[in-house]
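Overview (structure and organization)
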Amino acid sequence: TDNKIAFLGAMSVAHNSHACSFFIGEVLPIVLSAVPDAKFLIVGGGASERLRQLESEHIEFVGRVDDVRPYVQSASVFVCPLQFGSGIKTKNLEAMAMRVPIVTTSIGAENIDAKNGFEWIIEDQRDKFADAVIRLLRSESLREKYSEAAQKYVRERWTWEAAERSFNEVLLYLRLTS
């Protein structure tokens, strides 16, 4: 298989550039020791010169693209190694919808109630994060299990149809209780 690992985000945003620095400096060396042909794709414009200097045969800054799907879908694993930030990380929902298994941190997982160990993997510690990426890179059946569960989760919880169902349930409840 092609051992690509993808990250998606505007690199001019501090939490995204920090996440990539962390992954490149702390996690990727561990991954490469187990999967020597792994490659980290950073999809999104605005990377600093300091970050771009880290580009190598294992690290590619794709930059800003009109359609992220071909890049994210070419990956075996999607990572969201955020160390700080707030709000819903829609990048994770996008990867789930595209059937790419995800390893994220607790920060990356905030406000998305997908099940750890079923729809995605949440790890905050460097070695455990790396180990989760390695396990997914090495196992097509494990990637398939997470991909399928994640896509089902997004379809059930994060589509316009899901929002409409929730809204109608609220309206019905309000009618019944008023």
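Residues numbered from 1 in each chain as written. Predicted model: local features only at pLDDT ≥ 70, side-chain atom pairs only at ≥ 80, totals over all residues. Heavy atoms only, no water.

With that out of the way, let us pick up the packing of helix α4 (residues 90-97) against helix α7 (residues 140-157). Two elements in contact, α4 and α7, have axes separated by 7 Å at closest approach and are oriented at 115°. In terms of orientation, α4 lies roughly perpendicular with respect to α7. The handedness of the crossing between α4 and α7 comes out as left-handed. Counted together, Leu-93, Met-96 and Ala-97 of α4 and Ala-150, Gln-151, Tyr-153 and Val-154 of α7 form the full contact between these two elements. Split into classes, the residues belonging to the contact of α4 with α7 amount to six nonpolar, one polar and no charged. (Axes fitted to C-alpha atoms, helices over the stretch in contact; angles between N-to-C directions. Helix = DSSP H or I, 4+ residues; strand = E, 2+ residues; numbered from the N terminus. Parallel < 35°, antiparallel > 145°, perpendicular 65-115°, else oblique. Left-handed = near helix turned anticlockwise from the far one by under 90°. Contact = heavy atoms within 4.5 Å. Nonpolar A, V, L, I, M, F, W, Y, C, P; charged D, E, K, R; others polar.)

Once that is clear, we can look at the pairing of strand β2 (residues 39-43). With four of its five residues buried, β2 lies for the most part within the structure. Inspection of the sheet shows strand β1 (residues 4-8) paired to β2 by five bridges, in the parallel sense. Looking across to β2, one finds that Lys-4 is bridged to Lys-39. Crossover β1 to β2 through helix α1 (residues 14-34) is right-handed. Note: β2 against strand β3 (residues 59-63), four bridges, orientation parallel. In the sheet register, Leu-41 faces β3, and the bridge partner there is Glu-60. (Buried < 20%, exposed > 50% of the residue type's maximum accessible area, 1.4 Å probe, protein only. Pairing = 2+ DSSP bridges. Right-handed = clockwise from strand over helix to strand, strands pointing away.)

Packing of helix α6 (residues 126-138) against α7 brings their axes to within 5 Å, and their N-to-C directions diverge by 105°. By the criterion of interaxial angle, the relationship of α6 to α7 is roughly perpendicular. Facing Arg-135, Leu-136, Leu-137 and Arg-138 of α6, the residues of α7 in contact are Glu-140, Leu-142, Arg-143 and Tyr-146. When its residues are assigned to classes, the contact of α6 with α7 shows four nonpolar, no polar and four charged.

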